[in-house]
Amino acid sequence: MTPPLQRARPRDLGLRIGTMSPGPTDSIVDVANVRVGHATVWRDEPPPPRGRGVARTGVTAIVPFGLGELFSQRVPAGAAVLNGAGEAIGITTIQEWGVLETPILWTSSMAIGRVYDAAVAALVELDDSAGIDDALMPAVAECDDGWLNASRRVQVDAADVEAALSDAAGPERGPAAGGVVGAGTGMVCFELKGGIGTASRVVHPIDRRAVHGIDDVPADPGDIAAYTVGVMVLANFGRIGRLTVDGVRVGEALVADGWLDDVPHGRERGSCAVVVATDAPLESTALSRLARRAGLGLARTGSTAGHGSGEIFLAFSTGLRIPRGGGHALRRVEVVDDEFLDPFFGAVVEATEEAVLDALFRADTVVGRDGHVVRGLPVDRTLALLGAAGRLSA
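Residues numbered from 1 in each chain as written. Predicted model: local features only at pLDDT ≥ 70, side-chain atom pairs only at ≥ 80, totals over all residues. Heavy atoms only, no water.

**Q** Mind showing me how you'd approach the overall build of the chain here?
**A** Of the regular secondary structure elements, the chain holds seven helices and 16 strands. Structurally, the chain occupies a C-alpha span of about 65 × 55 × 35 Å along its principal axes. Taking all 394 residues of the chain together, 57% fall into the buried category. Contacts in the chain between residues far apart in sequence, at least 24 positions, make up 82% of those at least 6 positions apart. For the chain, the exposed surface amounts to about 15,800 Å²; the carbon and sulfur share of it is 50%. When the 36 positive and 50 negative side-chain charges of the chain are each reduced to one mean point, those points stand 5 Å apart. (Helix = DSSP H or I, 4+ residues; strand = E, 2+ residues; numbered from the N terminus. Buried < 20%, exposed > 50% of the residue type's maximum accessible area, 1.4 Å probe, protein only. Contact = heavy atoms within 4.5 Å. Areas by Shrake-Rupley, 256 points an atom, 1.4 Å probe, with all protein chains shown as cover. Lys, Arg positive; Asp, Glu negative; His and termini not counted. Charge placed at Lys NZ, Arg CZ, Asp CG, Glu CD.)

**Q** Explain unusual backbone geometry to me, please; I cannot follow it from the model alone.
**A** Note: most peptide bonds trans; most residues except glycine with negative phi. In the segment running from P48 into P49, the intervening peptide bond is cis, with an omega of 10 degrees. Mapping P49 onto the fold places it in the loop between β1 (34–44) and β2 (54–64). The residue F65 is not glycine, and still its phi comes out positive at about 60 degrees. We classify F65 as buried; its relative accessible area is 12%. For D246, which is not a glycine, the phi torsion comes out positive at approximately 50 degrees. Within the secondary structure layout, D246 lies in the loop between β11 (227–236) and α4 (250–256).

**Q** Looking at this structure, how should I read the packing of aromatic side chains?
**A** Geometrically, a pair of aromatic rings is defined through the distance of the ring centres and the angle of the planes. By the definition in use, this model includes two aromatic pairs. Its guanidinium or amino end placed over the ring of W42, R56 lies 3.8 Å from that ring's centre, counting from NZ or CZ. Looking at R324, its charged tip hangs above the ring of F71, at a distance of 3.8 Å from the centre. (Phe/Tyr/Trp six-rings, centres within 6.5 Å; stacked < 30°, edge-to-face > 60°. Lys NZ or Arg CZ within 6 Å of the ring centre and 35° of its normal.)

**Q** Mind showing me how you'd approach the pairing of strand β3 (residues 73–83) here?
**A** Regular strands have side chains that alternate between both faces of the sheet. For β3, the buried fraction is high: eight of the eleven residues fall into the buried class. Pairing of β3 with strand β14 (residues 322–323) involves two bridges; the strand directions are antiparallel. Looking across to β14, one finds that Q73 is bridged to P323. The pairing of β3 with strand β5 (residues 99–100) spans two bridges and is classified as antiparallel. Counterpart to P76 in the pairing with β5 is V99. Taken together, the six bridges between β3 and strand β13 (residues 310–317) define a ladder with antiparallel strand orientation. When the sheet's bridge partners are listed, A79 is paired in β13 with L314. (Pairing = 2+ DSSP bridges.)

**Q** Which parts of the structure should I look at to understand a nonpolar patch on the surface?
**A** A contiguous nonpolar patch, built from M1, V367 and V373 and spanning about 260 Å² of accessible area, is present on the exposed surface. The residue V367 is located in strand β15 (residues 366–367) in this model. (Patch = residues over 30% accessible without salt bridge, like charges linked within 9 Å, V, L, I, M, F, W, Y side chains within 5 Å. Salt bridge = Lys/Arg side-chain N within 4 Å of Asp/Glu carboxyl O.)

**Q** Explain the layout of surface pockets here, please?
**A** Empty space left among the atoms is revealed by rolling a probe the size of a water molecule over them. Approximately 230 Å³ is the volume attributed to the second largest pocket. Residue lining of the second largest pocket: 17 residues in total, with N149, A150, S151, R152 and R369 positioned closest to the centre. Partitioning the lining of the second largest pocket into residue classes produces six nonpolar, four polar and seven charged. (1 Å grid on protein atoms, 1.4 Å probe; cavity = no way out; pocket = protein on both sides within 12 Å on 5 of 7 lines; lining within 4 Å. Points joined across faces, edges and corners; volume = space filled by probe spheres on them. Nonpolar A, V, L, I, M, F, W, Y, C, P; charged D, E, K, R; others polar.)

**Q** Teacher, can you tell me more about the packing of helix α5 (residues 284–301) against helix α6 (residues 342–362) here?
**A** α6 packs onto α5 with a crossing angle of 45 degrees between their chain directions and a minimal axis gap of 7 Å. Taken together, the axes of α5 and α6 are oblique relative to one another. Once α5 is placed against α6, the crossing between them reads as right-handed. Taken together, the residues of α6 that come into contact with α5 (itself represented by R289, L290, R293, A294, L296, G297, L298, R300 and T301) are F344, F345, V348, V349, E350, T352, E353, V356 and L357. Grouping the constituent residues of the contact of α5 with α6 by class yields ten nonpolar, three polar and five charged. (Axes fitted to C-alpha atoms, helices over the stretch in contact; angles between N-to-C directions. Parallel < 35°, antiparallel > 145°, perpendicular 65-115°, else oblique. Left-handed = near helix turned anticlockwise from the far one by under 90°.)

**Q** Honestly, the pattern of salt bridges in this entry has me stumped. Any pointers?
**A** Following the criterion strictly, the structure yields 23 salt bridges and no others. For the salt bridge of R391 with D246, the shortest nitrogen-to-oxygen distance reads 3.8 Å. Here the residue R391 occupies a position in the segment after α7 (379–388), and D246 occupies one in the loop between β11 and α4, the gap between them amounting to 145 residues. Bridged by salt links that share partners, the residues R11, D26, R201, E350 and E354 form one connected network.

**Q** Honestly, the side chain of D30 in this entry has me stumped. Any pointers?
**A** Mapping D30 onto the fold places it in the segment before β1. At 7.2 Å, R9 is the nearest oppositely charged side chain to D30, a buried residue that forms no salt bridge. Here T25 takes part through its side chain, which lies 2.8 Å from a polar atom of the side chain of D30. The contacts of D30, once residues within four sequence positions are left out, are G23, P24, T25, S200 and T228. (Polar contact = N/O pair within 3.5 Å; in protein donor to acceptor, adjacent residues only side chain to side chain.)

This is how it looks when you write it as structure tokens:
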């Protein structure tokens, strides 16, 4: 048994979320100097002591700039927590200092410590070669993949972290991979197969007091700079009856069809980690505001941030660099004024909504531990419902 191949993305099937334009790959790597890598861990072994059991998990790395330069040339960052039933190592430093100094890594809930340790080992080696001697605290977040993955055995190891970091690539490889890959391998979203999803939006800063069209782009943008907002989600939340696709209550229709009648329904037991990236020059306060808007995108898909579902969001900008120990008492930078942030908020909401749907559309059925089966979204039925509602483009 091997991981299923990625299925078609929703935009490729005619689904257009929101009114803003996507970047060239409609993924987080459209943001300048952002790369993504995955290591998928997929094993079918006997349980211990004869083997390690069934593994449906992995590691995903979101890497701004080069691995050897981020610690000394940090980027501004912000964070927001919608529901804290989860964990993100490094979030307290981000909230205090407003900077990101390592790649962001995602993995299974109980593997978070092992991934942190492995990231320290891999990144310290790079810093040592650059002559840096300072504490390094990687940013590592998690979601629970225990329904499909024998997670209590901690299935990832240092080699998987190194593989995810080494795999990191930008738009030269096309859209960032999604669905059943990396940390998304064992995730469940709306009781269907979830995982990694991504999307992007092109943004023109517009004064909130000006009046323009619904897409927030003036008739003649002129010399107004265009920036990109990219979002990546680790989608692992929700109940099927609430699934909403571009305003259409797809989940209700699937339940009425009897979809998943033969599958036991339990409590919501997921989480959703979201990373927002932009190349716009924004500092920490503005980035925390962007991160917070990811919750609105989740809500559009049907999330209620259930009691056991941790929603933790991080945001960073590649449009500014913050040297470690710069040696100057004053730092002068140009940043986007808060009065011009509304289009960025809209971009985060749209891209987060689409990224969740991207994960659902791309992920196919997976059989995991103890014979647990999580089916992929029934794409044909979903497209029929969207077509009937006039939500598909030619």
